[in-house]
Structures are given as C-alpha cells and as structure tokens.
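# Architecture and fold: a report
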Number of protein chains: 2
Amino acid sequence: MKERNPDKSKAAILRAAEAEFAGKGFFGARVDEIAAKADINKRMIYAYFGDKEALYNQVLLNTYSKMEDVENNLIKQNLQGISLIEKIISTYFDFLYNNPDFVNILMWENLNKGSYLNKIEKDIIERKSIKYFITAIESGKSCGVFKDDIDSFQVVLSMITTCFANFSNQYTLSRLFNTDLTSKETIETRKQHTIELITSYLIKEN
Amino acid sequence: MKERNPDKSKAAILRAAEAEFAGKGFFGARVDEIAAKADINKRMIYAYFGDKEALYNQVLLNTYSKMEDVENNLIKQNLQGISLIEKIISTYFDFLYNNPDFVNILMWENLNKGSYLNKIEKDIIERKSIKYFITAIESGKSCGVFKDDIDSFQVVLSMITTCFANFSNQYTLSRLFNTDLTSKETIETRKQHTIELITSYLIKEN
DNA sequence: CCAACAAGTAACCGTTTAGTTACTTGTATT
DNA sequence: AATACAAGTAACTAAACGGTTACTTGTTGG
C-alpha cells in the first residue's frame, strides 16, 4: 500500500484537477482521470472535496489567487507614467504565457456566463488593481505626461482585453493568421507592439 | 407521423446543434438534446450527418461562413485609409454583438486547442480578409496617410483581438470592472474607443 | 396503382461516468 | 502492544450517453 500523506494527496488532487478542468472544461473533465493523474484512489476525491463541482470551485479559487499575487506585487513597485504602463502590459503577457490554466479557466467561466464567479463574494474578485491603474493614469494626465482628453477607464479595459485575447484565442488566431501564437517569440513581438500601441495613444506630444 | 421534409429536418438539426454546441461545447453537448430541440428523431442525426463529431464540424463550417459573408461584404465596399479602419472595427463589433454563438464556438475551439479547426481544409478557413486588411494598411503607408514605421500585420492582429475580447470575456470583465459589458451602450462606447485607439496609432501627424 | 426507396420511429445496447459501499491497512496515542 | 481512527482500496451501481437495429410509413416515378 501507498505511503499515507493526506496533505500530499490533497495537493496532488488539486494539481491534477486544475490540469484536467483547464484542458477539458467542467463537462469534459473526468473524475477518474483526475484520480489517475493524481495517482490516488477516486474515493479520496469525494472524501476530501465532496463532489466534482466542489472540487472545481476549489480549483477556481486557487487559480484566481495566483493572479492576485502577481498584481499585488506589481502595485508594490510603485511605478508611474509610461514605465507603469509598460510594466502592466509586460506583467500580464508574462503571467498569461506562464499560466495557460488561468486563461482556460477564465474562458470556461465566460462560457458559463460567469455563473460561478457571480456566486463568490464580490470582494474576493473585485481587484483593487483596476482602481490603482485608473488612478495612476489620471495622475499621469494631471502632471502632463498623458493626454488630458483620454478616458482612463476605457484605456485600462483596452489594455486588459488586448493582452488577454492573444492567449484566449491563440489557436484560432494562429490558424487565421498562419503564425504560431503559442511561441515565445511571437508573444514577445505581440507584447512590444501592444506596449507601443497603448503608450502612443496615451503620451502627450509636444 | 410528421410531415416529411428532409431539407427542413437537416436545417432544424443544424440550428439546434449550433445552439447546443455553443452553449455547452462539444463534450457538454448532448445528441439527445439536439434531437429534442430540433424536434426530430435522434436516428436522423446519424442518417444525415454520420456522428456527433461530423455534425460538430458542419456547425463549425456554417458558423465561419457567416463571418466570411460579412467580411466579403466589407471588402466589396472598397474603402480606404481611416474610413476602412473605422468600418472594420465597427463591423466586427456589430457582428460579434449579434452572433454570440459564433463567439462561443470559437472559444470552445480554443479550449480544445483548435483540434477540430485544424482538421478542416486550410483554404476553407484561411480568410482573404486578413491579407486584404494588411495590403490596405500598406497602401495607406505608401500614400502618406499612415505612419511608415508601423507593422501592418501586428496592427490587424491587434484590431481583431481587441474587438473579440470584449465579447469573449464579457462576463469576467463585467464583474472585474463593475460595468455591464453585455449592454448595447457599453459596447458602443467600447467600439468608439477602439476606433480612436487604433486610428490614433496609425495616423501620420504633420 | 403500386413497387421501391427515402424519411421517420421506438426500443434497445454496450460503454462510460459520477458517485457509493463495504472493506483493509497504516499510524499515532495511551 | 492494543485501541481507535484516519487513509486508502476495489468492486459495484444507477443513470446517462453515443450509437444501432429492426421496423413502419409517406412519397414518387413508371
């Protein structure tokens, strides 16, 4: 019989579940497959997490918290103006490149019309980062670095959407544009171009 | 017994299948449910389309062709410079707003790493519109309307990704930004802002 | 009018899947 | 070392699901 270690088993289940749910969505994911990947008996999933849906919810929470860590780290650096904008875009690109599971799970939520997201407490998901970014752009306007007729809210939305779509649609876009959007090089090019696009819109000419 | 009408039955199956696949993805979609929605006997799905996967492929082709119609219509108008860019963005926003099934099916394809898309013949999906847009931007550079140091390929990619993400991520973004991204008004604001963002990047200042 | 075939039906089958039951075994505490 | 409970196992079940079989019925061309 296998060595007994409940913490290790739970962690293994969560890791396997994240991969399975991210790869196949809630319906496509197989509990038996998660058990096999985690190298534990299926019974333990039900013992530790209840059922498939409860396990999925736990995976979602885990996934969101990773993103929050990255954002909090960014805020701590206290950057301003163009260097902040560059850092935001760069950070999102890097995070999304390194966390395909996060991208997939967000997409799954959108396909379900955000049903799970709407169940969890507002303050868990309402990210202070958005407010921080908007305030930073506003102060960039005040000190004359950014144009003063731009809508900070819209700019932040555009930044996030532009970063995200490169990953959420990488397969269909790769096919459509006949380029490998999954490769490190292509993503780096996209990152630089996105920085150029957003900053050129923001910067006040003299 | 029901009136006999194979064309009507096939069309009903395709319509029901599109809704079912768009809502639940390939794995989540139920053949029995499609049959019920189409109000036909399940046997007919297998008679007309073969199996679940073949039906899904047919739905994919149908979905793409709607998009192609819109794009071909756009190309026919023979627009140039800024008015072309405005029209492209405007057309994508309107199409995506009116065709949520298209958005969902594309997202499912990405979640499945484009597995079905990659099986379809290349020339069916390789859209000439992309080449047309790139060429148009290049000629805008030649006649001095657009900056000459911009990368047309990257600009077209940015246009498409920026439009798409407003719809593919509308639920998570609505939650994150505390705004209703599904409403006509918000989408109109996003459309205008996106036009501003892209054109301000392209236009050559004097 | 009547074969012949296409359109449509109902009941069924083998497999897969989420979830359960009844059981065994390791280990920490006394 | 005996006890007690948590950790882990194997085999099972009921339902769901994709796909099939054997059949009936409407339509059409000679």
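Residues numbered from 1 in each chain as written. Chains lettered and ligands numbered in written order. Predicted model: local features only at pLDDT ≥ 70, side-chain atom pairs only at ≥ 80, totals over all residues. Heavy atoms only, no water.

### Focus on the relation of the copies chain B and chain A
- For the pair chain B and chain A, the best superposition has an RMSD of 0.6 Å and corresponds to a rotation of 179 degrees with a translation of 0.0 Å parallel to the axis. Seen this way, the second copy is the image of the first under a two-fold rotation axis. In terms of proximity to the rotation axis, the leading residue of chain B is Thr162 of chain B, whose C-alpha is 2.5 Å off the axis.
- The fraction of interface residues of chain B whose copies in chain A are also interface residues reaches 100%, indicating that both copies meet through the same surface. (Least-squares fit on C-alpha atoms with pLDDT ≥ 70 in both. Contact = heavy atoms within 4.5 Å.)

### Concerning helix H11 (residues 184–202) of chain B
- Between its terminal C-alpha atoms H11 of chain B stretches 27 Å, which fits the 27 Å expected from 19 residues at 1.5 Å a residue.
- Every buried residue belonging to H11 of chain B is among Thr186, Ile187, Arg190, Lys191, His193, Thr194, Ile195, Leu197, Ile198, Thr199, Tyr201 and Leu202 of chain B, and all of these are buried.
- Of the surrounding secondary structure, the elements contacted by the buried residues of H11 of chain B are helix H9 (152–168) and helix H11 (184–202) of chain A together with helix H5 (81–98), helix H8 (128–142) and helix H9 (152–168) of chain B. (Helix = DSSP H or I, 4+ residues; strand = E, 2+ residues; numbered from the N terminus. Expected span 1.5 Å × (residues − 1). Buried < 20%, exposed > 50% of the residue type's maximum accessible area, 1.4 Å probe, protein only.)

### Digging into the protein's contact with DNA strand D
- Close to DNA strand D lie 21 residues; Arg4 of chain A together with Arg4, Arg30, Lys42 and Tyr46 of chain B are nearest.
- In DNA strand D, the atoms that sit within 4 Å of the protein are 50% sugar and phosphate, with bases accounting for the remainder.
- A distance of 3.1 Å separates a phosphate oxygen of DNA strand D from a polar atom in the backbone of Val31 of chain B.
- If you list the elements that add at least two residues to the surface near DNA strand D, you get helix H1 (6–28) and helix H3 (42–49) of chain A together with helix H2 (31–38) and helix H3 (42–49) of chain B.
- Its residues assigned to classes, the surface near DNA strand D shows 7 nonpolar, 3 polar and 11 charged. (Near = heavy atom within 4 Å. Polar contact = N/O pair within 3.5 Å; in protein donor to acceptor, adjacent residues only side chain to side chain. Nonpolar A, V, L, I, M, F, W, Y, C, P; charged D, E, K, R; others polar.)

### Brief notes about the interface of chain B and chain A
- Of the residues lining the interface, 56 residues belong to chain B; the matching set on chain A comes to 56 residues.
- When the two sides are added together, the surface that chain B and chain A hide from each other amounts to roughly 5300 Å², 63% of it contributed by carbon and sulfur.
- Between chain B and chain A we count 0 salt bridges in total.
- Across the contact surface, chain B and chain A share 14 residue pairs in polar contact (both at pLDDT 80 or more).
- Secondary-structure elements contributing two or more residues to the side of chain B that touches chain A are helix H1 (6–28), helix H6 (100–111), helix H7 (122–125), H9, helix H10 (170–177) and H11 of chain B.
- Of the residues belonging to the side of chain B that touches chain A, the class tally is 26 nonpolar, 20 polar and 10 charged. (Buried area = accessible area lost by both parts, 1.4 Å probe. Salt bridge = Lys/Arg side-chain N within 4 Å of Asp/Glu carboxyl O.)

### Description of unusual backbone geometry
Residues and elements named next belong to chain A.
- Notably, Asn78 is not glycine yet its phi reads approximately 55 degrees, a positive angle.
- Here Asn78 lies in the loop between helix H4 (52–76) and helix H5 (81–98).
- For Asn78, a relative accessible area of 58% translates into the label exposed.

### What about the packing of H6 of chain B against H9 of chain B?
Residues and elements named next belong to chain B.
- Viewed as axis vectors pointing N to C, H6 and H9 meet at an angle of 100 degrees, and their least axial separation amounts to 10 Å. By the angle between their directions, the pair H6 and H9 is classed as roughly perpendicular. Along the contact surface, H6 presents Phe102, Val103, Leu106 and Met107, while H9 presents Phe164, Phe167 and Ser168. (Axes fitted to C-alpha atoms, helices over the stretch in contact; angles between N-to-C directions. Parallel < 35°, antiparallel > 145°, perpendicular 65-115°, else oblique.)

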